[in-house]
Amino acid sequence: FARTGEFFVSEVASDSTRTDIALVPLRGDRKPRMIVATPEIDVEARISPDGRWLAYMSGGGGRFEVFVQRTSGAGGRHQVSADFGGQPVWSPDGRTLFYRGSGNRVIAARLVLEPEFQVTARDTLFRRTYLGGPQTTFEITPDGRHCLMLKSGDKQSRAVLVFGWLDELRAA
């Protein structure tokens, strides 16, 4: 969902183009509009904090990269990753795009979005064995200072869901 509340993005399966990305307005006609439609697999879309840019993973045959393009569709797509990339996550200010790179790396790509798109740096933040999967398995905190991720372990893990925690917090 865009923070502006105007739209959300969704992956759409297709026989002719595999998986594409549609923008779905939450106002007006609410008719989905394809904004990424390539012969490749296009997944893991993330909307920038200002709602004007879309980051996503695209590729096939075991080779994927991270791309960015305007949500309006103007200007084409721009490759962010240099040697494999997936699971893009925007920084709160929209000037950095974090992604998972090859070799268990988490990479911070520094971006200039206007007037012309540029990747000004790609820095490896750390190398760790962390949980992989078909969806993003890490997140950046709202202040942009910490990375939360699911770590792989040798022991069997379990998830614990706590329902009604907000009510209990209010009552405390």
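The structure this text deals with has already been given above.
A. Molecular detail of the packing of aromatic side chains. Throughout the structure, instances matching the rule amount to two aromatic pairs. Here the aromatic rings of Trp53 and Phe117 are separated by 6.0 Å at their centres, their planes lie at 40 degrees, and the arrangement is tilted. Of the two residues, Trp53 sits in strand S5 (residues 53–60) while Phe117 sits in the loop between strand S10 (105–112) and strand S11 (118–127), which places them 64 residues apart along the sequence. A ring pair is formed by Tyr56 and Phe67, whose centres lie 6.1 Å apart and whose planes are at 25 degrees; its orientation type is stacked. With Tyr56 in strand S5 and Phe67 in strand S6 (residues 63–70), the pair connects residues that are eleven residues apart, well separated along the chain. Each member of the pair Tyr56 and Phe67 is classed as buried. Its end group placed over the ring of Phe67, Arg77 keeps NZ or CZ at 3.7 Å from the ring centre.

B. Just the environment of Glu6, in detail. Along the chain, Glu6 turns up in the segment before strand S1 (7–14). Classification of Glu6 by relative accessible area gives partly exposed; the value is 41%. Each C-alpha atom of the pair Glu6 and Gly51 lies 8.7 Å from the other, and the pair is 45 residues apart in sequence. Setting aside its immediate chain neighbours within four residues, Glu6 contacts Val24, Pro25, Leu26 and Arg27.

What counts, and where the lines are drawn
Residue indices begin from 1 for each chain and proceed along its sequence in written order. Totals for whole chains, interfaces and linings use every residue, but because this is a predicted model, local features are given only for residues with pLDDT of at least 70 and side-chain atom pairs only at 80 or more, for both listing and counting. The side-chain values count all of the structure's non-hydrogen atoms but skip hydrogen atoms and water molecules. Two aromatic rings, drawn from Phe, Tyr or Trp (for Trp, its six-membered ring), form a pair once their centres lie within 6.5 Å of each other, and the interplanar angle then sorts them: stacked below 30 degrees, edge-to-face above 60, tilted otherwise. For helices the rule is a DSSP run of H or I covering at least 4 residues; for strands it is a run of E covering at least 2, with both sets numbered from the N terminus onward. Buried residues are those whose accessible area, probed at 1.4 Å on protein chains only, stays under 20% of the maximum for their type, while exposed residues exceed 50% and partly exposed ones sit between those limits. Each ring is checked for a lysine NZ or an arginine CZ that lies within 6 Å of its centre and within 35 degrees of its normal; such an atom marks a charge sitting over the ring. Any two residues having at least one pair of non-hydrogen atoms within 4.5 Å are treated as being in contact.

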